[in-house]
Amino acid sequence: MNAPDVRVAVVGAGPKALFALQELHERLPSDARASVDVFDPAPPGGAVWDPELPAVLRLNAPAAMVDARFSGFGETLSEWITRTHPAHAGESFPPRRIVGEYLGLAFDRLARSPRLDLRHHRRRIDGLGAGPGLLDADAFDEVLLCTGHAGPGSRLPEAVAAAEAGGCVDVRGAALTGLDAVLMLTEGRGGRWSRIPGDRLGLLAYEPSGAEPARIRLVSRTGAVLSPKPERRHPELGPVIDAATERIRAWATAMPGTPAGAVRPASPVSLDPLWRVLLGAAAEAAAVFGVATTGLRLWRTLLTGRPERDAEVWAGRRQAEFLRQRLEIDAGLRRPDEAWILGRLWQGLYREMVRALDRVPRTARDQRRFRAAAACQERSAFGPPAETVRKLLALVSAGIVEIRAGKPAGEFVDAVTTGPGVLRQPVPTAPEPARTPAPALQVSVTDFHDRLYADLHARGLISVRPGERGLLTDTDAACLRPDGRRTEWLACLGRPTEDPVLGHDTLDRTLHADGRRWAAAVVERLARPHNPRRNPQKEQARA
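Residues numbered from 1 in each chain as written. Predicted model: local features only at pLDDT ≥ 70, side-chain atom pairs only at ≥ 80, totals over all residues. Heavy atoms only, no water.

Looking only at helices and strands, the protein chain has 15 helices and 14 strands in total. Its C-alpha atoms give the protein chain a radius of gyration of 24 Å, near enough to 24 Å, the size a compact globule of 543 residues would have. Here the C-alpha coordinates of the protein chain stretch approximately 75 × 50 × 45 Å along the principal axes. Out of the 543 residues in the protein chain, the part that is buried amounts to 52%. When contacts within the protein chain are restricted to residue pairs at least 6 apart in sequence, long-range pairs at least 24 apart make up 78% of them. Entry remark: accessible area of the protein chain is about 23700 Å², with carbon and sulfur atoms responsible for 52%. Looking at charge distribution, the protein chain has the averaged site of its 75 positive side-chain charges lying 2 Å from that of its 66 negative ones. (Helix = DSSP H or I, 4+ residues; strand = E, 2+ residues; numbered from the N terminus. Rg over C-alpha atoms; globule rule 2.2 N^0.38 Å. Buried < 20%, exposed > 50% of the residue type's maximum accessible area, 1.4 Å probe, protein only. Contact = heavy atoms within 4.5 Å. Areas by Shrake-Rupley, 256 points an atom, 1.4 Å probe, with all protein chains shown as cover. Lys, Arg positive; Asp, Glu negative; His and termini not counted. Charge placed at Lys NZ, Arg CZ, Asp CG, Glu CD.)

Given below as structure tokens:
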């Protein structure tokens, strides 16, 4: 067999890797062939979608969003489920393991293509070099990082299995993984749900199996819970969201920038125009729903999740009542409040914000503000399905689950996932105006989630801007070095780039164009005349 035209290493086998490789497949010339080695201890599709997951763990995004079609595979997730799992046809949130089957099948179809010689190696990569756990970069022309959730794999199933029936267990973390743990400890052990007759919210009652713990404490730092996804459309918000979308788009278009195709702009940008758009839209929506509010209440809700410092009911206080109110608002049985309005606006405007803020450096003040706003509003905009919230409320009513702020007592089930980006905490922003290229950051190996990124940073192949957690890439996903130069052969997609690029916890392949641009860049480099095969290690040595 002739040598491949391009040799690609992909670290990570999740959806980002799948979609990027599909894009590469579609762009390769008909007479070209790529050799692709994928490194991930999890099966193709990624650990989050492992086909061996328990059935109680369900998709948290609409199934209609998931589309892994390419020329070698012609079904969306919904279409495939209807054909292969008719019992789940039409479900908005099917079991996650079924999604894993679908993604694995898409990988398999990709591997069958004569254009790709694709191999999956079930092992972690912790750095560059020769030896166990290392990637020999000299053996590849292109290296693509799609590591998703950094750090060691989750031990949630083992921790849940160790919890004793009839005992008391603390679950650390009240986000989506914490809810997974609660469902595995109850429904996953044989507990059953029944609809309360005549309840206008469709609330549930829990029937214990006797195999679950008698008490589950859902513990987090703030005690704040995630709001349920709406189950019905709210057309009153449409005109408000449309107008705000146009204002955000106009602001982004007028933003001082650099030449097209490059990271833009060079100097930090104030987000004051964005805050004005969000608060103005929230005030308009409040007027539509007849909600009496003020600019100060909306600003506080945007940044903290509650309109008043001493609010009696909010996501972090009297949580069960707060969740019930969310269901009532969505059902049209209660007038919306500021938290609900801002959550719906954040959801409706998120795509445009992702585009507008793509790789835009922000002032230190706005970095803090945006991170605070995102933490609050994403709890409201991108929470669990409403049925999951009904199950949680049933467990609270049964006296099995208690939601509290603080720290776990003694042994606990750890349901806190690794944060986005590559650094555990953003490196403080220097007081002087930020510069591009970014100054070298004083960080150590222990500052990184993953040893792979610590190694790449030590070699000067990647960079992180002050005040951010994710590594900086160009618009085609090429990693940028501390001096601003491109590491042509090294690219990164997804969660490791969070902050410069937003919105990675999604199966929506249309939200970001970086994967498509990466594939196009690989094919463009392949087509360069008299382009000798690069040697990444020699390139690094010259650097």
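It is worth spelling out the pattern of salt bridges at this point. By the definition in use, this model includes 49 salt bridges. One salt bridge connects Asp272 with Arg365, and the closest N-O pair in it is separated by 3.1 Å. Here the residue Asp272 occupies a position in helix 7 (residues 272–289), and Arg365 occupies one in helix 11 (residues 364–381), the gap between them amounting to 93 residues. Note on Arg365: relative accessible area 37%, which makes it partly exposed. Here Arg486 makes a salt bridge to Asp474, at a shortest N to O gap of 3.0 Å. (Salt bridge = Lys/Arg side-chain N within 4 Å of Asp/Glu carboxyl O.)

Our focus in this paragraph is the sheet that holds strand 11 (residues 401–405). Here four strands make up an open sheet; going across it, the order is 11-10-7-12 and the pairing parallel. If you trace the sheet from one side to the other, it starts and ends with strand 11 and strand 12 (412–414), each paired once. Strand-to-strand, the axes of this sheet are offset by a mean angle of 25°, without reference to chain direction. Relative to strand 12, strand 7 (residues 168–172) runs parallel, the two being bridged by three bridges. When the sheet's bridge partners are listed, Asp170 is paired in strand 12 with Phe412. Packing against the sheet, helix 12 (residues 386–397) makes contact with strand 10 (215–220) and strand 11, and its axis sits at approximately 100° to strand 11. (Pairing = 2+ DSSP bridges. Axes fitted to C-alpha atoms, helices over the stretch in contact; angles between N-to-C directions.)

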